[in-house]
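# Structure at a glance
Here's the letter readout for the chains.
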Amino acid sequence: MFLGPMLRRSDVAVAILAPLVISASLSAAPVPKTMTPALRTVRMVQQSIPMPDGIHLSATLYMPDNSKPGEKFPALLEYLPYRKDDATAARDYPIHAWFAARGYVSVRVDIRGFGASEGAPTDREYSEQEQLDGEQVIAWLAAQPWSTGKVGMFGISWGGFNSIQLAMRHPPALKAILAVDATEQLFHDDVHYIDGMMHFDEFELNMDLAPSMTSAPDYSLDEKILGPRFESAPWSLIYFKHQRDGEFWHAPVRPLSEIKIPCFLIGGLLDGYRDSIPRMFEQVKAVKAIIGPWNHTFPNDAEPGPQIEWRDQALRWWDYWLKGRNTGIMVEPPLSIYMQDWHAPDPHLKTVPGKWRGEIGWPPRNVANTTLYLYDAHVLSTEPAKSAVHHLRYIPSIGVEAGFWWGELLTDQRHVDAFSLTYDSAPLKTDLTILGRPHALLQASSSAPQADWFVRLSDVAPDGTVTQVTGAGFNGAQRESASDPKDLVPNQTYPLDIEMHLATWTFPVGHRIRLAVSNALWPMVWPTPYAMTTTLQLGGGTGSRLTLPLVPPSMYAAPQFAPPQPSEQRSDIQSAGFPWPGDWKTERDELNGKTKVTWTGKSEETYPWGKETDFEGITYLADDNHPETSSVQGEAKIVMALKQQTLTWQGHLTLTSDAQNFYYKYTRQLFKDGQPVKQKTWEETIPRDHQ
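Summary of the structure given here.

Calculation criteria
Residues numbered from 1 in each chain as written. Predicted model: local features only at pLDDT ≥ 70, side-chain atom pairs only at ≥ 80, totals over all residues. Heavy atoms only, no water. 1 Å grid on protein atoms, 1.4 Å probe; cavity = no way out; pocket = protein on both sides within 12 Å on 5 of 7 lines; lining within 4 Å. Points joined across faces, edges and corners; volume = space filled by probe spheres on them. Helix = DSSP H or I, 4+ residues; strand = E, 2+ residues; numbered from the N terminus. Pairing = 2+ DSSP bridges. Axes fitted to C-alpha atoms, helices over the stretch in contact; angles between N-to-C directions. Buried < 20%, exposed > 50% of the residue type's maximum accessible area, 1.4 Å probe, protein only. Polar contact = N/O pair within 3.5 Å; in protein donor to acceptor, adjacent residues only side chain to side chain.

On to empty space enclosed by the protein. Evaluated as defined, the whole model comprises 7 cavities of 30 Å³ or more. Roughly 250 Å³ of internal volume is contained in the largest cavity. If you trace the largest cavity, you find 22 residues lining it, with Leu270, Gly407, Glu408, Gln468 and Val469 closest to the centre. Where the lining of the largest cavity is concerned, the elements lending two or more residues are β21 (466-475) and β23 (503-507). Residue contributions to the lining of the largest cavity peak at 5 residues, all from β21. In this model, the second largest cavity occupies a volume close to 70 Å³.

Set out below in C-alpha cells:
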C-alpha cells in the first residue's frame, strides 16, 4: 500500500460545495451513444455510518443532483486511511464527482481512527477490524433509500488492496471491484519486505506519524480524541518484528480462489505491485486488466505516459455489472498491456515509446520460453556452457542506481553493473520482444550463512548505455520456505529460481541482452550482515541460465483508449509539490568504504482553514567493511498553520543494526505555537531473523 505519487497525509474537513457540473464527457469511450448517460450536477453530503460497537465512520457521498422521485443508484466505495477531508480531498473530487455525474453515488470513507472517523487507529494495515467495518459500510450503502442494493468497490494502492480483501469475504451487496496498483501478497510484494527482504522508505515515515493527527478543520487537542491516536504504536515497529512470512501476513487475506465476483485490475509496468495481475488471471474467474507503462498512479495522471482515460472504462465496467447494461466491455480481449520499445535510461522520461497489445488472458498465447546460458566469458548463448565458476565479492553499498523498488525510471545502470557479475548476448540480428516474467536460474553458493541475490535484466545499446528492463531479489535463507528461513551452509551450492517482475520490452537489432547478478541492492533492501564471497556455477543443461518469455506479434486488434478527459477540480484547495519521488543525493567515501544516501521530499497544501507544510527526510548509511552496521535515520514533519494557532507534528526514527539485532527508536512529538504538547518514544531491540 505504498501510495507513491498518490499518498498524502494531513486532515481537513471538506466543505459542502455548491453543485458543480462536471465537464468531462464520454464521447471518446467505446459505448453506444444511446447508452451514454446524461451528465448531472453533483452534490457532496457528509454522513456518519454506525458500527456495531458504537463507533461512527465518516463518509463523504458524492451524489447525482436533481434525481427523480424514487430514482435509485448503485454505490461505489473507496475506503482509505488517507484523510478524505484534507489529505486526499483535492484528489478525491475529480474521481468521485465524475462517477456521480454519470449516475452513481460515489462514496469516500475514512477507516476507523483516521481522519474524521471515530475510534483509535487500527494496530496495522488491513486489520480484521478494518475489514469487518468495511462489510458494515457495504451493507449500509446497500440499505440506503437511494440505493439499488448493489455496491462496487474501487481504489488505488490501499484502496485496491482492501477491495481485493473484501471481495474475498463475500459481502452480499458487493458485486464487482476495480483495483489499481494493488496486490494480495503482503509479505513478498508489499512495501515492507520487497521480495521477502527488509525495506524502509517514505511510506513508513508517513504512516508512523499520520495516525496521530486529529480531524480537520479544528485538529482537536482534546485528550479524549487526541490521546488514543497519538499513543498508537508506530506501524514500522510492528512490521520490523515480523521478518518472515507467516500468519501475521496471511491473516488479512484469503486465497484468491475465494473471490467470486468480477475484478477489473489496472497496473503499471513501473509499479511494485504489478505481479498480482497474472496471478489473478490464473485464479479468479472474471478478470479484466489494463497494464500501462506507469508507476504508482492513476492512468490519467501518469508519469511517464502515455496517459489514458480510465474512468470511461470503469464506467463501462460498473454499468455492465451494477446496472445490467450491455456496454461491450466483456467481449473485448480481457488483457490490454503496453509493449515497451527500447528507450535510453532517463529518470525524467515523459512518454515511454511503445504500443498497446490485446491478449485473451494469462499466460499470453504463443509464448516461447527461450533459455540463454551463462558462459565463463561473461556472455549469454542458447547453447549450454562448459563448466566454470565465477566469484563475486559482496559490496553492501551498491545498488542506488537500480532504484527504490522494482519500477522507477532509472539512470544508466553501468555504475551498479560494475560491481555485479554481468553476462551479455551477442548483438541481436532481429528484434526480440518479451512479455511476462523472466527467470534467472542460478547455481549459487556463499561463504557466509546469509546472502541475498539480485538479478537484473537490461538492454545494452550499441553506444554502451544500459537500460534496466526488470529484475528481482531473493533471500537465500528463504530458498525452501519464506515462513521457515534457514541459514545457508557455507560454500554449498543451491539451485535458485529467481522469478523477475512482470515486464514487456522489445530489444532492437544490434542491441545486447544483459543479465547482472549481485548480492546487494541498497538502499532498496537492508544489507545482509556478513562479509562474504558468492559463487555461480556455470556449465551443462542445469548450470546458471536465463529464460525469457518471447512473444510474436499479437493476433488481436490493439486496444484503443481515450486521452485523459477534463475534470472539475476543487477551487478551494491549492497544492504545491509532492514528497515522492523527492530529491536524492549519494556521497561515497571510497577510502573508508562508507556511503551515505540522503532523500528529502516536501509539499504544501492550502485549505480554507489554513496552510499545511509537509517535510520528510531519510538518511541511509552503509559500510562496506562492516555490512552488519547499516542504519537509517528518518524525520517527518507536518506543520498546520491555522488562523488561531500553529500545530506541528514531528516523527523521528532511528534504526541501526549489528550482526544479531536491529535497534529501533521512534519519537513522536506535537507542538502548539512552538511549545510542546505531547511526546512519546518507543525503543526496542529486535533480533534479526534472516534479514
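What follows is about the sheet that holds β21. Read across the open sheet, the 4 strands follow the order β17-β24-β20-β21; overall the sheet is antiparallel. Looking at the sheet topology across the chains shown, the edges are occupied by β17 (421-424) and β21. With strand direction ignored, the average angle separating the axes of adjacent strands in the sheet is 15°. Alignment of strand β20 (residues 452-460) against strand β24 (residues 512-518), held across 7 bridges, turns out to be antiparallel. Residue pairing for β24: Asp459 is matched across the bridge by Ile513.

Attention shifts here to helix α4 (residues 202-209). With respect to burial, α4 is a largely interior element, 8 of its 8 residues being buried. Every buried residue of α4 is listed here: Glu202, Phe203, Glu204, Leu205, Asn206, Met207, Asp208 and Leu209. Sitting at the head of α4, Asp201 places a side-chain oxygen 2.9 Å from the backbone nitrogen of Phe203.

The subject of this paragraph is unusual backbone geometry. Residue Ala216 is joined to Pro217 through a cis peptide bond whose omega torsion reads 0°. Structurally, Pro217 is set in the loop between α4 and α5 (223-230). One non-glycine residue, Asn366, lies in positive phi territory at about 65°. The phi torsion at Asn491 lies on the positive side, around 70°, for a residue other than glycine. In this fold, Asn491 is placed in the loop between β21 and β22 (494-499). Asn491 sits in the exposed class, given a relative accessible area of 58%.

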